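# Observations on chain architecture
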Amino acid sequence: MSLIEFSLKRRVTVSMCAVALVLFGVVAAYRLPINLLPDISYPSLTVETRLSGAAPAEVETLVSRPIEEAVGVVAGVRRLTSVSRPGLSQVTLEFAWGRNMDFASMDVREKLDIVTLPREADKPVLLRFDPANDPVVRLYLTGADNLYQLRYLADEVLKKDLESTEGVAAIKVNGGYEEEIQVRVDQGKLALLGLGIQDVNDKLHRENVNQAGGSLYEAEARYLVRARNEFKDLQDIMQTVLVSRDGRNVLMSDVAEVVRGHRQREVITRFDGKEAVELALYKEGDANTVSVARAIQRRLDRVRQELPAGVQVVTGVDQSRFIRASIREVASNALLGGLIAVAVLLLFLKDLVSTIIIGLSIPISIIATFFLMYETGTTLNVMSLGGLALGVGMLVDNAIVVLEAIHKHHELGESGMQAARAGAQEVGRAVVASTLTTVAVFVPVVFVEGIAAQLFRDQALTVSFSLLASLVVSLTLIPMLSAL
């Protein structure tokens, strides 16, 4: 039994399948990820290492080159670049298209574990995003005149809470005052004692201790011993014995002034004319911008309840706003194009019933396309919606051909059932061949590698899905509705 024969004899079955397909398509449409463009992020990883106080040449020699030699042998690396700045090394690895980035991250971490770096260097951090990209969301913490408090809330409350949000790769905090304890040494007094700055530094390190001291065993019990002698306040630092001379202890307060201050600021952030603290949130390379922004806003609604009275978190930049506006614009244009296509059909056919039958093929085919997009992991973006808008005019071609053939047999005096069967079967093969030739133009794009595949894959899939859906609709629903 052919598809046309089945649709004419099993009308209820075909109707229920169409309704089910529409329901699945509507649910899938609400679950489709939204993005401005298809995922065209390069498969890359960045190794970031900090070496405080080092010049760019030292950073390159001591940090960048050893890391390059270690990670350069990872399988799949096509290009390796590094940038050495004062106190900062960034080594970027670009992998071949199709490389599994989770396994690539594991391979890079294994190589980093065997790299020998200076003791002063921080542990290398592996980033799944490009530091050169802009953050997806910028938050501003305002409402308090105490910049120490704002910075503390940003680092200890907001950053720690938002870092666990799905899709967030890193959060950078700028602005405010970073609290630090400053020991302002009097060089003259220190010189009289025959000491240098390094002696003061070493003494502070030795006196501020919190480290393991071994274990004590008693029967079957084991007790861990720790040596804890940390500074609790400024007075502890000032009372630290720097050196003993002639039976007299020279205290830290004798040669230095200990004050509570802040780090030297490199960035001053202002929002609405007042100083504020900025949190720049970066997404992972393969994360969806709109989904990440929504998750951040949901998490913010809960975090705001933990902030003190008068302190506010304001969203300054949100890339998802522009993306949603662009998607709405493209979707509205596609809808307008569909309405114009129906109006043109009504103008030429001069038959309301035939226009309604053909007009039904457009939304059903589009909704079915949403379901297929969801199953293949295609996002709702400008390219995929552009493919839908491109296919709207082509969706009615199959329906018009089938309906015209049925109408011709109906004019010959055949009954509705006979006309639907004869007309659909007459042009069925031609419609299938015509649709498949068009699909054959777009399908090969899916198998292209590189940036072209990343950019045009969604559009090719969307056009192909919509044409195949319209083919099925024209060979099932159109004959069935015409027979009625």
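This text follows the structure it describes.
If you're wondering where the values come from, they're calculated on a predicted model, not measured in any experiment.

Read from one edge of the open sheet, 4 strands run β2-β3-β1-β4, paired in antiparallel fashion. Both edges of this open sheet fall to β2 (77-85) and β4 (125-127), since each of them pairs with a single strand only. Between one strand axis and the next, the sheet turns through 20 degrees on average, direction left out of account. Contacts from helix α3 (residues 56-71) reach β1 (44-50), β2 and β3 (88-95), with the element oriented near 160 degrees to β2. Its contacts with the sheet place helix α4 (residues 101-112) against β1, β3 and β4, and it is angled at close to 30 degrees to β1.

On to the packing of aromatic side chains, then. This structure, assessed with the given rule, holds 2 aromatic pairs. Seen from their ring centres, Y140 and F271 are 4.9 Å apart, and the 20 degrees between their planes marks the pair as stacked. Here Y140, found in strand β5 (residues 137-142), pairs with F271, found in strand β13 (residues 270-271); they are 131 residues apart in sequence, far enough to count as distant. A residue is classified by how much of its surface remains accessible, and Y140, at 11% relative accessible area, is buried.

Once that is clear, we can look at the pattern of salt bridges. A full pass over the atoms with the stated rule returns 9 salt bridges. Linking D161 and R299 is a salt bridge whose minimum nitrogen-to-oxygen distance equals 3.0 Å. Taken together, the positions of D161 in helix α5 (residues 147-162) and R299 in helix α10 (residues 289-303) put the pair 138 residues apart, joining distant regions of the chain. Of the charged contacts in the structure, one is a salt bridge between R457 and D458, with a shortest N-O distance of 3.5 Å. What makes R457 partly exposed here is its relative accessible area of 28%. Bridged by salt links that share partners, the residues D161, R299 and R302 form one connected network.

In terms of nonpolar packing, the biggest core is built from 36 residues, with F370, L380 and V402 touching the most fellow members. Of all the elements in the fold, those that place two or more residues in this core are α1 (3-9), α11 (319-349), α12 (352-375), α13 (382-411), α14 (416-446) and α15 (451-483). Looking at this core, the element that brings in the most residues is α13, giving 9 residues. Setting aside chain neighbours within four positions, we find L380 in contact with L32, P33, I34, N35, I327, F370, M373 and L385.

Taken together, the side chains of L336, I340, V344, L347 and F348 make up a nonpolar region of the molecular surface, amounting to roughly 530 Å² of accessible area. Relative to the elements of secondary structure, L336 occurs in helix α11.

So, how was this worked out
Residues numbered from 1 in each chain as written. Predicted model: local features only at pLDDT ≥ 70, side-chain atom pairs only at ≥ 80, totals over all residues. Heavy atoms only, no water. Pairing = 2+ DSSP bridges. Helix = DSSP H or I, 4+ residues; strand = E, 2+ residues; numbered from the N terminus. Axes fitted to C-alpha atoms, helices over the stretch in contact; angles between N-to-C directions. Contact = heavy atoms within 4.5 Å. Phe/Tyr/Trp six-rings, centres within 6.5 Å; stacked < 30°, edge-to-face > 60°. Buried < 20%, exposed > 50% of the residue type's maximum accessible area, 1.4 Å probe, protein only. Salt bridge = Lys/Arg side-chain N within 4 Å of Asp/Glu carboxyl O. Core = buried A, V, L, I, M, F, W, Y, C linked by side-chain atoms within 4.5 Å. Patch = residues over 30% accessible without salt bridge, like charges linked within 9 Å, V, L, I, M, F, W, Y side chains within 5 Å. Areas by Shrake-Rupley, 256 points an atom, 1.4 Å probe, with all protein chains shown as cover.

From the geometry alone we can't say anything about function, so treat these as descriptive.
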